[in-house]
Amino acid sequence: MNAHPVRFSFIRLLVQGLLAFILLNACSFTLFDSIDIFPPTATPSYPLPPASTPLPVAQVTFEAALPAPLAAGETLYLSLVDEVTGLALNPANHAMTGRDALHYTISLPLPMYSVVKYRYLRQSGGLPALEDDSSGNPVRYRMFHVTGQGGTSDVVASWSDGPFSGQTGRLAGVVTDSSGGTPLVNILVTAGGIQVLTDSTGSFALEGLPAGTHTLTAYALDGAYRTYQQGAEVAAGHKTPVDISLQPAPLVQVTFTLVVPHGTIPSVPIRMAGSLLQLGNTFGDLRGGVSTVASRMPELQPLADGRYSLSLDLPAGADLRYKYTLGDGFWNAEHASDGAFVVRQLIVPEAGGQVQDQVATWQAGPSSPILFEVTVPANTPLGETVSLQINPYGWTEPAPMWAMGNSRWAYTLYSPLNMIGSFEYRYCRNEQCGSADDLQTADGRRGRPAATSLTPQNLQDTVGAWKWLPEATPGQVLGVLVQPRTSAFVAGIEFQPGYHPTWQAHLPEALQNVQAVWANWVVLSPTWTVSRTSPLVFNVSPGRDPLWLDTVETISAARALDLDVALFPAPQFPTDAAAWWQSAPRSDPAWWDAWFDRYRAFALYHADLAARNGGGMLALGGDWIGPALPGGKLSDGSASGVPADAEARWRALLADVRAHFSGPVYWALAYPGGLEEAPNFLSDLDGIYLLWQAPLGSAASPTLEEMQAEAGRLLDGEVSAFRQALNKPLVLAVAYPSVSGTAAGCLPDGSGGCLHWMELSRPNADNPAFTVDLKTQLDIYQALLGAVNTRSWVGGFVSRGYYPAAVAQDQSASVRAKPAADALWYWFPRLTGLIQ
């Protein structure tokens, strides 16, 4: 499978640019009174909340060992980062003192029971040099839990402007619940600036740690367990085993009551952005350097007296950093009266309680608020929202706009206008800028121009048309006599692999659309990311892959709609799969040991996800896995170097999967190409998930009848013979992008090969070599369904590549809101016997 590259170099450049941008704009200013654009709230009649009591503090000493002495004029900083606003957007940088050329120190008073997030940087006059790990990836942050006077000693592996040179080791272990020994999943474990999430067996491994002493921290993303911390010694070339037991934190109710500034628009949502998962923190690096997503944050409810309130069940003892916002953690969040960002801190009381807060202002700087009003086309899909995306230094995460009725949306931008001058903006749907865009700004290279001003502005725009959403959709579904099967027939929709945290809020609507075409199965494709090849690091990457709780939520929503759920997990590679396999150190037996170990963890993780949450089927394998199969070959036909005992390894792995998941386990084989290389261990599985993308005719534009005849010929030939020999159920899973020439089964990549169909999926840019052709995709679906209709041995039909975040009649294989979906709407209930 081809996937979106891991862009660590881009992240580093973005962070450096943000830091420089903040430094250049860190001038003094006076906060002018805002000019009301909307009707103000009434003058409050309630008492204002009392000033908060300062938290007790402890002196904490940070010591850093450098890889090389600083250059003349350089300063080393301890950078305390703020994940609610954005790691690079609101740091508190403290100059450190050198003990000698390689060792620096600083002591700071920090609130007790805080979980401090920090990293190191060095700077003279230009861009700062950021801390990297041993593989050259930027350090997000280190963590330190303040439990009293103490300190931490850190080893800086390398800087962003130089390579790592030194010896490394690894920390590995298991995290369990202290109350029963249950393995804990998706616990964030960090040491030496490297972060990893535990898998479903509670296991973790921190690879590439510089030799020396490190502070090891285990942290629950939702605060459900008390933070754990200890020192750990790492020896060069060795593994240090560390087993961790976490104490559960009881949930207590905390009610937040908020006083908002005079002039706050009464009808718009006020959200709480916070450091915990349930308060919108994704723990990932998102667009523009932020980590929070507005649509994942809880909304406060208005009270009759003009205040707002929010009651949450929070884990006792958790360090909660939070703020109130009309947008996300960066845009339109609250500010202090001097214009500074506000980040509040609450150590959740053991008994819960009441918190009374007051927002001083939504504005920052002398610039007046900017009102954006936009009228959108009448064909904007019902249920979709309109979002505003701003580009002050790079495109940031879109903010949901406020519905005004009659196809009109509005949003008032208050802050931080003191940090920007001229900027660009654009509109999109469902926060999917780059995938569901205003036609005028769809390429992302330019937006609509704007600039801050001391006088109020009202920018009135019209979206003339949405990109990938034409007014009319050609095509006609042919009514034919359908031979009904039983309800066991799999009539399914497979979501495309890949993920962005903004998808989560829109998945319920996507599942309703799946139900509306009479599907009885939805196939989810959760991903893990390969972030390092050697030593191999392959696990959940926050912000790029769905977290465990994200997938649990999606499974629950699907089952509530009476949809059966299958999981077909997929990897995301730093480049395309074929190139990754070519570059891997396949001659090293230890690397293959690591690969099978990580794939086993990957398979068990998703087996456990299915088993613990009512999943009905698990599909493993895929079109990318061939080099790891017995006798594996690379894309050029050469031997992959897979170990000679690969067959035994696979059978043992599948036996482990069976021990975790009692439901049916299918194997995904590519067609054409996969049947000839099918491994012998398929006899240990329950069925075949056939990834069908076969050519359906030799002509440039075959007719529907020609395509149906060719599909029947292929099914009756090697596919039928393969199924009979294996004597297993077979489900057809099809993927045909909606572009001209797709019936050929091979879209030319310009280099003599075939483009992988996922290359045309959102959010990838359109390929100018192809034109959208919705009718051909419809005809292909009708041809394939017609062929399946007369072959009762085909156990199911699944449409692959469904884009769940928004409607897009684009080049992709997704059938959402395309004519091909109408074909499924006709065929699915008849095949499953719901309509006779």
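This report concerns the structure included in the present document. (Residues numbered from 1 in each chain as written. Predicted model: local features only at pLDDT ≥ 70, side-chain atom pairs only at ≥ 80, totals over all residues. Heavy atoms only, no water.)

1. Some words on the overall build of the chain
- Scanning the chain from N- to C-terminus turns up nine helices and 46 strands.
- Taking 28 Å as the expected radius of gyration for a compact globule of 836 residues, we find that the chain reaches 28 Å, a close match to that expectation.
- The C-alpha extent of the chain, read off along each of the three principal axes, is 75 × 65 × 50 Å.
- By the burial criterion, 60% of the 836 residues in the chain qualify as buried.
- The contacts of the chain with a sequence gap of at least 6 include a subset with a gap of at least 24, amounting to 76%.
- As presented, the chain carries roughly 30,800 Å² of accessible surface, and 53% of it is formed by carbon and sulfur atoms.
- The averaged location of the 71 negative side-chain charges in the chain is 2 Å from the averaged location of its 47 positive side-chain charges. (Helix = DSSP H or I, 4+ residues; strand = E, 2+ residues; numbered from the N terminus. Rg over C-alpha atoms; globule rule 2.2 N^0.38 Å. Buried < 20%, exposed > 50% of the residue type's maximum accessible area, 1.4 Å probe, protein only. Contact = heavy atoms within 4.5 Å. Areas by Shrake-Rupley, 256 points an atom, 1.4 Å probe, with all protein chains shown as cover. Lys, Arg positive; Asp, Glu negative; His and termini not counted. Charge placed at Lys NZ, Arg CZ, Asp CG, Glu CD.)

2. Notes on the environment of R612
- Along the chain, the position of R612 falls in helix α5 (residues 589-613).
- Owing to a relative accessible area of 46%, R612 belongs among the partly exposed residues under this scheme.
- Along the primary structure R612 and T375 are separated by 237 residues, whereas in three dimensions their C-alpha atoms are 45 Å apart.

3. Remarks on the state of the cysteines
- Evaluation of the coordinates by the stated rule reveals two disulfides.
- Each sulfur of the disulfide joining C428 and C433 lies 2.0 Å from the other. Measuring the twist about the S-S bond at about -75°, one finds the C428-C433 disulfide to be left-handed. Grouping residues by exposure puts C428 and C433 together as buried. (Disulfide = S-S within 2.5 Å.)

4. Description of the side chain of T282
- In this fold, T282 is placed in the loop between β20 (271-274) and β21 (301-302).
- Looking at T282, the relative accessible area reads 3%, which means it is buried.
- Within the structure, T282 has its side chain in polar contact with the backbone oxygen of S291 (distance 2.7 Å).
- Excluding anything up to four places from it in sequence, T282 contacts S291, V293, R296, P501, P542 and G543. (Polar contact = N/O pair within 3.5 Å; in protein donor to acceptor, adjacent residues only side chain to side chain.)

5. Looking at the nonpolar core
- Ranked by size, the top nonpolar core spans 175 residues in total, and within it F256, W595, W650, W667, W692 and F797 carry the most contacts.
- Here this core gets 13 residues from one element, more than from any other, and that element is α5.
- Not counting residues within four places of it along the chain, the set of residues in contact with F256 comprises M272, Y308, S309, L310, L312, L314, L320, Y322, Y324, L346, V355 and D357.
- Counting 23 residues, the second-largest nonpolar core is a separate cluster that includes F62, L78, M96 and V116. (Core = buried A, V, L, I, M, F, W, Y, C linked by side-chain atoms within 4.5 Å.)

6. Brief notes about the sheet that holds strand β12 (residues 187-191)
- Ordered by their spatial adjacency, four strands build an open sheet running β13-β12-β15-β16, and the pairing between neighbours is antiparallel. Of all strands in the sheet, those with a lone pairing partner are β13 (194-197) and β16 (228-234), marking the two edges. Across this sheet, the average inter-strand angle for adjacent strands is 25°, counted without regard to direction. (Pairing = 2+ DSSP bridges. Axes fitted to C-alpha atoms, helices over the stretch in contact; angles between N-to-C directions.)

7. With respect to the environment of H145
- Within the secondary structure, H145 sits in strand β8 (residues 142-145).
- Its relative accessible area of 12% is what places H145 among the buried residues.
- For the pair H145 and V84, spaced 61 residues apart in sequence, the C-alpha separation works out to 18 Å.
- Apart from the residues within four sequence positions on either side, H145 is in contact with Y113, S114, V115, T227 and Q229.

8. Topic: the pairing of strand β43 (residues 730-734)
- In terms of burial, β43 is largely enclosed, as five of its five residues are buried.
- Because side chains alternate across β43, one face comprises the buried residues L730, L732 and V734, and the other comprises V731 and A733, equally buried.
- Sheet analysis places strand β42 (residues 687-692) next to β43, joined by five bridges and oriented parallel. The residue of β43 that forms the bridge with W692 is V734.
- Each parallel crossover has a hand, and the one from β42 via helix α7 (residues 704-726) to β43 is right-handed.
- Judged from the four bridges that link them, β43 and strand β46 (residues 796-802) form a sheet pairing that is parallel. By the bridge assignment, L732 is partnered in β46 with F797. (Right-handed = clockwise from strand over helix to strand, strands pointing away.)

9. Focus on the pattern of salt bridges
- Inspection of every chain in the model, using the stated rule, returns 39 salt bridges.
- Between R649 and D645 there is a salt bridge; the shortest N-O distance is 2.9 Å.
- On the accessibility criterion, R649 (22% relative accessible area) is partly exposed.
- Through salt bridges with shared partners, a single ionic network connects K467, R762, D766, D810 and K818. (Salt bridge = Lys/Arg side-chain N within 4 Å of Asp/Glu carboxyl O.)

10. Quick notes on the packing of aromatic side chains
- Counted by the stated rule, this structure contains 44 aromatic pairs.
- Taken together, a centroid distance of 5.4 Å and an interplanar angle of 50° make the contact between Y599 and F602 tilted. Of this pair, Y599 and F602 both sit in helix α5, separated by three residues, roughly a single helical turn. As far as burial versus exposure is concerned, Y599 and F602 are alike and both buried.
- R426 extends its terminal NZ or CZ atom over the ring of W395, reaching a point 4.6 Å from the ring centre.
- A cation over a ring is seen here: R830 above Y826, with NZ or CZ 4.0 Å from the ring centre. (Phe/Tyr/Trp six-rings, centres within 6.5 Å; stacked < 30°, edge-to-face > 60°. Lys NZ or Arg CZ within 6 Å of the ring centre and 35° of its normal.)

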